[in-house]
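# Architecture and fold: a report
So the chains spell out like this:
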Amino acid sequence: MFKYRFSLLALIMASTAVSAQPWEEKFFNPKKLDGDIVLPMPCEGNMVFRVIKTNTKKPLEDIKVTLGGNSNDEDGYAQYATPNYISGSFANEKQERYFLMGKYEVTEAQFNAVMKGEQCPSVNMKTSLPAINMSWFDAVEFTHKYNEWLLKNAADKLPTEDGSKGFVRLPTNAEWEFASRGGVAVDEAAFRENTFPMPDGIARYAWSSKNANGRLQVIGLLEPNPLGLFDTLGNVSEMIFDGFRANKLSRYHGQEGGMIARGGSYIKGESEVNNTSRIEVPYYDNNGAMKKKDMGFRVAITAP
């Protein structure tokens, strides 16, 4: 009898594990664009990436970019324009080097599909909200588990560089800002502005306290930036791979502190939703690892 019950339970669990249905495109790619790169995920899910070209053509070549912007407020030490360098991990057929950036913020469904293993999540409009209330460590663990799944189940889908597979991680501060500003898709003058070009006004491109009505919004409702990335500004502020360093005008200070959050969020005013602001957030608070209702992340794909 006990053996029969155990076998029946195992059969039910096995059938549940494989019962996941392919996700409808509206839940992971509501605004399909030319050039989208789609990678599979656990639970029959998907994640969409965009190519971020860097105007480099050799593996060790990089280009100088000025990030941040002139600021006279009390946070000027964080926001002043500072020289940085950017390069690409992969090369296309024209030897143009690039890295990949998540087209959207990681959603609740995507986060749970990776983190909960065989317990596949429901996929609907509610789970198409950006994943929130997780720590920086949770975000890094997500990238680790997703990489392991990709290498086991879809290694042929990953871009390669010199025989090495690309891997998923949080974007660096330079990668995030370069991509959010529009990268090589905008001219130098537009790149220096506090936001990427928004011909129809900021409310058509970014969720802030002015247009979000105090609510987190599902991915892809507004217009993309010039590289086809959605919600880099507003909705949720996005966690960055490298730690925060104060700005000394010509360089970053030697001390690295807490995590960086970029882009502003749905509870911030329009003036705080921009490509300039770098906010330092502690990795921990009195309750443990820091988690916030308006902080999430997107991911990048690079190579060794």
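Here the structure is shown first, and the text comes after it.
Thresholds, definitions, all that
Residues numbered from 1 in each chain as written. Predicted model: local features only at pLDDT ≥ 70, side-chain atom pairs only at ≥ 80, totals over all residues. Heavy atoms only, no water. Helix = DSSP H or I, 4+ residues; strand = E, 2+ residues; numbered from the N terminus. Rg over C-alpha atoms; globule rule 2.2 N^0.38 Å. Buried < 20%, exposed > 50% of the residue type's maximum accessible area, 1.4 Å probe, protein only. Contact = heavy atoms within 4.5 Å. Areas by Shrake-Rupley, 256 points an atom, 1.4 Å probe, with all protein chains shown as cover. Pairing = 2+ DSSP bridges. Salt bridge = Lys/Arg side-chain N within 4 Å of Asp/Glu carboxyl O. Disulfide = S-S within 2.5 Å. Axes fitted to C-alpha atoms, helices over the stretch in contact; angles between N-to-C directions. Left-handed = near helix turned anticlockwise from the far one by under 90°. Core = buried A, V, L, I, M, F, W, Y, C linked by side-chain atoms within 4.5 Å.

## What about the overall build of the protein chain?
The secondary structure content of the protein chain amounts to seven helices and 16 strands. Taken over C-alpha atoms, the radius of gyration comes to 20 Å for the protein chain, in line with the 19 Å a tight globule of 304 residues would show. With the principal axes as the frame, the protein chain shows a C-alpha extent of 75 × 45 × 40 Å. Out of the 304 residues in the protein chain, the part that is buried amounts to 50%. Partitioning the intrachain contacts of the protein chain with sequence separation of at least 6 by distance along the chain shows that 68% fall at a separation of at least 24. Split by element, the accessible area of the protein chain, about 15100 Å² in all, is 51% carbon and sulfur.

## Concerning the pairing of strand β10 (residues 237–243)
Burial within β10 is extensive, with five of its seven residues counted as buried. Direction of pairing for β10 relative to strand β15 (residues 295–296): parallel, over a ladder of two bridges. From the neighbouring strand, Glu238 faces β15, where its bridge partner is Gly296. Across three bridges, β10 lies against strand β11 (residues 259–262) in antiparallel orientation.

## Details of the pairing of β11
Successive side chains on a regular strand alternate, one facing one side of the sheet and the next facing the other. Burial along β11 is two-sided: Met259 and Ala261 and Ile260 and Arg262, pointing in opposite directions, are all buried. Pairing of β11 with strand β12 (residues 278–281) involves four bridges; the strand directions are antiparallel. Bridged to Ala261 within β12 is Ile279.

## Describing the pattern of salt bridges
Taken as a whole and assessed by the stated rule, the structure comprises 12 salt bridges. The salt bridge involving Lys26 is made with Glu24; its shortest N-O contact spans 3.8 Å. When its relative accessible area of 45% is taken as the criterion, Glu24 is described as partly exposed. Among the salt bridges present, the one from Lys31 reaches Glu223, with a minimum N-O distance of 3.7 Å.

## A closer look at the state of the cysteines
Each disulfide is one covalent bond, formed between the sulfur atoms of two cysteines. Scanning all chains against the criterion turns up one disulfide. At a sulfur-sulfur separation of 2.2 Å, the disulfide partner of Cys43 is Cys120. Residues Cys43 and Cys120 are joined by a disulfide whose S-S torsion is about -90 degrees; by sign, that bridge is left-handed. Of this pair, Cys43 sits in the loop between β1 (37–41) and β2 (45–53) while Cys120 sits in the loop between α4 (108–115) and α5 (136–153), and the two are 77 residues apart along the sequence. With a relative accessible area of 11%, Cys43 lands in the buried category. The class for Cys120 is partly exposed, based on a relative accessible area of 30%.

## Re the sheet that holds β11
Ordered by their spatial adjacency, four strands build an open sheet running β12-β11-β10-β15, and the pairing between neighbours is mixed. Of all the strands in the sheet, the pair left with one neighbour each is β12 and β15.

## Description of α4
Of all eight residues that make up α4, six are buried, and the element is covered over most of its length. Within α4 the residues assigned to the buried category are Ala109, Gln110, Phe111, Asn112, Ala113 and Val114. Along its buried surface, α4 packs onto α2 (25–28), β1, β2 and α5. Trailing α4 by a residue or two, Gly117 shows a phi angle of about 60 degrees, which is positive.

## Observations regarding the packing of α4 against α5
It is at 9 Å that the axes of α4 and α5 come closest, and there the two elements cross at 65 degrees. Crossing geometry of α4 relative to α5 is assigned as left-handed. Along the contact surface, α4 presents Gln110, Phe111, Val114 and Met115, while α5 presents Asp138, Glu141, Phe142, Lys145 and Tyr146.

## Side note on the nonpolar core
In terms of nonpolar packing, the biggest core is built from 32 residues, with Met47, Phe142, Tyr146, Met239, Met259, Phe297 and Val299 touching the most fellow members. Among the secondary structure elements, those contributing two or more residues to this core are β1, β2, β6 (97–102), α4, α5 and β11. A per-element tally of this core places α5 first, with five residues. Discounting chain neighbours no more than four positions away, the residues touching Met47 are Ile37, Val38, Leu39, Met41, Val106, Gln110, Phe142, Tyr146 and Val299.

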